[in-house]
Structures are given as C-alpha cells and as structure tokens.
Amino acid sequence: MTAPARRIRIGCGAGFSGDRIDPARDLAERGELDFLFFECLAERTLAQAHATQAAGGLGFDPHLERRLEAVLPACRAGAVRIVTNMGSADPAGAAEAAAAVARRLGLHGLRIAVVEGDDVAALLTPDLALMDGDGPLGDVGLPLVGANAYLGAEPIAEALAAGADMVITGRCADPSLALGPLMHAFGWAADDWPRLGAGTLVGHLLECSCQITGGYFADPGRKDVPGLAFLGYPFADVTEDGAAVIGKLPGTGGLVSRRTVIEQMLYEVHDPAAYLTPDVTADFAGVSVTQTGPDAVAVSGAGGRARPEAYKVTLGFRGGFLAEAGISYAGPAAAARARLAGEVMRTRMEAVHGCRDPIRVDLIGLGALFAAAQEPAETAPEVRLRVALRTADRDVADALVREMEAMWIAGPAGGGGVRGRVTPSIVTRSALLPRDRVRPRVRMLTA
Amino acid sequence: MSRRVLLHAVASARAGDKGDTSSVAVIADGPAIFDDLRRQLTPARLKAAFPRQFRGAIRRYDLPGLHALNFVIENGLEGGVNASLNLDGHGKALSYLLLGLEVDLSDAATAEMQAATDDD
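Residues numbered from 1 in each chain as written. Chains lettered and ligands numbered in written order. Predicted model: local features only at pLDDT ≥ 70, side-chain atom pairs only at ≥ 80, totals over all residues. Heavy atoms only, no water.

Asks: Would you mind going over the nonpolar core with me for this structure?
Replies: As a rule of thumb, nonpolar side chains are buried together in soluble globular proteins. Ranked by internal contacts, the top residues of the largest apolar core, which has 72 residues, are A:Ile10, A:Val167, A:Met265, A:Phe284 and A:Leu315. Sort the elements by how many residues they give to this core and helix 6 (residues 176-186) of chain A lands first, with 7 residues. Apart from residues no more than four positions distant in its own chain, A:Phe284 is found in contact with A:Gly197, A:Thr200, A:Leu201, A:His204, A:Met265, A:Val269, A:Pro272, A:Ala273, A:Tyr275, A:Ala302 and B:Leu63. Within the second largest apolar cluster, 43 residues are counted, among which are A:Val80, A:Ala102, A:Ile112 and A:Leu249. (Core = buried A, V, L, I, M, F, W, Y, C linked by side-chain atoms within 4.5 Å. Buried < 20%, exposed > 50% of the residue type's maximum accessible area, 1.4 Å probe, protein only. Helix = DSSP H or I, 4+ residues; strand = E, 2+ residues; numbered from the N terminus. Contact = heavy atoms within 4.5 Å.)

As structure tokens, this is what we get:
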C-alpha cells in the first residue's frame, strides 16, 4: 500500500459526446495530470445509443476512437489515467475498440477496465413506479429501447485499485467520474460523506468541461471572455481534505473566475444543500469560492450526508418523430408574409395530411424562444418561419418537410432558404431501483 | 440615488434543465445588489411576470455567501427536451428571460453597480 497522495490533479476533456478534442489533447500533453476524465453521456444520448445498436450500429460513443487516438500517447507517456463513460450502451464493445486503438498506437499492455451492470432493462416490471408523477412503466405505451442505472464512483475506484490505465463505464453519475479517482488516490472510504461531498463538487464543477473556463458565459461588454475560440479545458488540484483549486493551462483562451465557478456550481442543481448522486447527498450550500490567482479559483467547504437508498434509472423509449422545417422572409411586410405562410402550413397539415398532433408555429425574429413568456414583436427586418411537430406517424413528419418545400412556389412572395428535417425522437422517464437489485461489475482487458 | 435597471446590468444568470424542470441561477454583482434581488425576485414575481411560461411551482434557494439565488421552476420548459416543440427545448435561453426583468436598486446597490467591473 502506497502512502496517500498529497495533491491530485484531475482534468476534464469532454462535457458531452460531440465536445472538442484539441483542448483535451492539450490537457493530456501539457497538463501534468494524474487523471483525465471524459463525460460524454447526456440523459438521452444513452437511449439513442441503444437504438443505434439495435439497428446494427455502434452502441458506444461514436467519437471514442478519434478521442482516444488524440490523447492516449500523451496519457501513456505521462502516466495519466483515463476515466470515461464513453461505453454508453456497450461498455464491453467500447473497451475492445479502445484496446484496438492502443495496439494501433503501439501501446501494448495498456490495462482497460470495463464497468458493467448499469443495464437494468432485464430487472424491470410493468408495475415499476416512474418518478415525477409519470405513473407505472406499463402505462407508458411506447417501445422501451433501454434502461440504465446511474452507477457511482465505487466501481471506478475499484478498477483503478486493480491497476487500470483506463476505466470505461456505461451510465454513471457524471461527478462520479472524478470522485472515483479521488477516492482511489486518497483512500477515501465509501461512507466518508463529507469528503465524498467535496469530491462530488469537484466532479460537478469539471464535468461540463469548458462551462467553467468561459464557455456558456460570454456576454460582450458585460462578461467578456478572452480567446473564446480556444477555450482551455479545466483541471482541479485536489488535496486530501477535498478542497480544490480550479485552473486551466497557460496560453489557452477563456477564464476561470469566481463567477464562472459559481455559475457552474449551481448549473442543473436544485437544492444546493442536497445534490443527490449514487455516492452521497452532497451539500454545496456552505461552499466558499476564492480567486487565488489568474485563472485559479479555490473551492472548499462542501459537505455531505448519507447517499440515497436507491439507484436512479433512466428509461428511454421510442417516441416517434420530431419534424421541423423553416423558410425566411425579409424586407417590407416580412412579418405578415411569414405569418401567412405559417397559416397555410397549419391548414395544409391538418386538412390534407390529417395531422392531429400539436403544430408549433414560430416567427423567429419576432419572439420564438420566449413565445410562451412574452408578446411577439409586430415586425422585424427579416423573419424566419419555423414549423414543428411531434408525431408517431412518419408520413405526417415527412409531409411537414414537403409542405415547407412547397412554400417556395405556393407560399407568399419572396420566401427563401427552405430547410427541413425529420429526427427520430427518444423520450426518457426516470425511476428508482433498490441498491441491492443493481450489481456493478468490473472486468479487466489488456491491449 | 436609487434607480430602476434591467437585472442584466447587475447580475448574471445560467440556466439548466432536468426533464421539464428548469433551474436558473442568478448571481448578483455585490452584496447590496444581492439584498435588493432577494427582496424583489420572489417566486411570486416570476410567476406573475411569465404566467404562461412558468405554470408550475417555483422554489428559490438562497446562497448569501455567494450572492446567488437558485430558482427551480417546475413545468417551466413546455415539456422539456422530451416533449417541447420550442426551438430551445432545454430552456438554455431562460437565463436571459430573467435578466430582462427590471429591478429597483437601493442607494447602496446603485453605488455598487457604478463601482463594479465586468467581473468580480
């Protein structure tokens, strides 16, 4: 048993599946990291991966190989261990693919751990009560594509203790991707609630990558961000007590300030005193946030209480199709012409195509995003009509796009820029499963 | 001298979503501004300002040490990404809906606004 480490540096190289790769490569090469994690699995991304896999495609993250090719050489050279949920619906397949990448790069002997057991579809019964007042599972009336429990940090820590250079999970709570390495490095116990709360804060702050280094933040003149095109991705220097300093690499764009940290600390948090993960009930209410230098912000004072008794499960269902289409009008009476086109679209969809689903008509430029909150403007120099609907009927969805194309010649004068698309829609519901029903497992592969 | 300003002039905000629930954190530029916001930005005020948008319960969590108010708005997203037909199904822009509200600043808060730099 080695002595507990004094300070651990953990970086975040992705906050969603399609995230940039160049800042992650930079972190791997220059970051002097101990761990680099990639959070790539939004709530609906996993259900979409199940659907893709069922259709014969990849069940794991489609960017896994490209991302690992970019960072693996530097991580191997610098002994940076990787943790990621890019396993998505197929962690075992992802691990095989990662091993193949490692071999291609000549990195033989790389040890890759797979965390499995999050797929709980086989455990579900129709009487399972859904959260948020959604009734029992049996009443949803849509085809289930997958169900996965949010696993915690313990299997990740276990995999690292077993010597993994890389840990690949499927569904896993986002902050656990950072907490697992911290538990392992510092030897934190699985019921050391205050430290697990502090480590969860570190994971929560980092898990959206550049949202803490100046992304989702700039407001010119009010909140200026230098070098927004080349945001550096974040890391945290964590000490054994769970306190951390958030930073980014010299020479990168963006900023780490009290404000970027506070905004991200509260991002998608409900009660700051009770942030629930599979690991802990984390308490961010008493956190202090202090700028300690340029692009260096210290956070301390997070606490924690006992973890929830149940695992949260996300269930994905095939929810039909989302159809969206648009056309633009500019110049005199642009708004009136766009409104008229919207009326024609609605009439045609109902009368000719028998659409009974709600049809949304937006006049972008007059007030679309806040249409339910504010009265629209009367006019604007140019207006884009957007029409959208959700339907179980593919023909109706396709008809919306065709009818918008007809607006070129059959709509009001001077309409241009028709675009439209139909996307399969995944809908999700949540449920709870008792902890003893879910069995996380760790398996090791060698490249 | 006290004055009325857009919330945007004295605070920043960030919006997130979980299902049909929106959460919007509002961070004041200073302690006196925070005191004013605490009095004026009540859940009732938000519901009254946007009754068709915010149809469900609104809870507010105060973080005085960080000069932050965290609003949790149930049924605030027209169904959320699962169901909304809004172009912005996540409600990412709702932070700026709130920043468009007007607030009255006390003398102390006005002085704080005038002294404030772009970012603390």
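From this point, the discussion proceeds with the structure in view.
Asks: Whenever I open this one, the environment of B:Pro43 confuses me. Can you help?
Replies: Residue and element names in this part refer to chain B. Here Pro43 shows up in helix 2 (residues 43-49). Between the C-alpha atom of Pro43 and that of Ala57, which follows or precedes it by 14 residues, the distance is 8.4 Å. The contact partners of Pro43, leaving out residues within four places of it in the chain, are Ile58 and Arg60.

Asks: What exactly am I supposed to notice about helix 3 (residues 64-78) of chain A here?
Replies: Note: α-helices contain 3.6 residues per turn, so residues at a spacing of three or four share the same orientation. Residue and element names in this part refer to chain A. An ideal rise of 1.5 Å per residue puts 21 Å on 15 residues; helix 3 measures up with 20 Å between its terminal C-alpha atoms. Three or more residues of helix 3 are buried, namely Leu64, Arg67, Leu68, Ala70, Val71, Leu72, Ala74 and Cys75. Contacts from the buried residues of helix 3 go to strand 1 (7-14), helix 1 (22-30), strand 2 (35-38), strand 3 (81-84), helix 4 (91-104) and strand 6 (166-169). The first or second residue beyond helix 3 is Ala79, which carries a positive phi of 55°. (Expected span 1.5 Å × (residues − 1).)

Asks: Looking at this model, I keep getting lost on the packing of helix 6 of chain A against helix 7 (residues 193-206) of chain A. Mind explaining?
Replies: A pair of packed helices is captured by two measures, namely the crossing angle of their axes and the spacing between those axes. Residues and elements named next belong to chain A. Two numbers describe how helix 6 lies on helix 7: the axes approach to 7 Å, and their chain directions differ by 135°. With respect to their mutual orientation, helix 6 and helix 7 come out oblique. Crossing of helix 6 against helix 7: the hand is right-handed. Where helix 6 abuts helix 7, its residues Ala178, Leu179, Leu182 and Met183 lie against Leu196, Gly199, Thr200, Val202 and Gly203. Its residues assigned to classes, the contact of helix 6 with helix 7 shows 6 nonpolar, 3 polar and no charged. (Axes fitted to C-alpha atoms, helices over the stretch in contact; angles between N-to-C directions. Parallel < 35°, antiparallel > 145°, perpendicular 65-115°, else oblique. Left-handed = near helix turned anticlockwise from the far one by under 90°. Nonpolar A, V, L, I, M, F, W, Y, C, P; charged D, E, K, R; others polar.)

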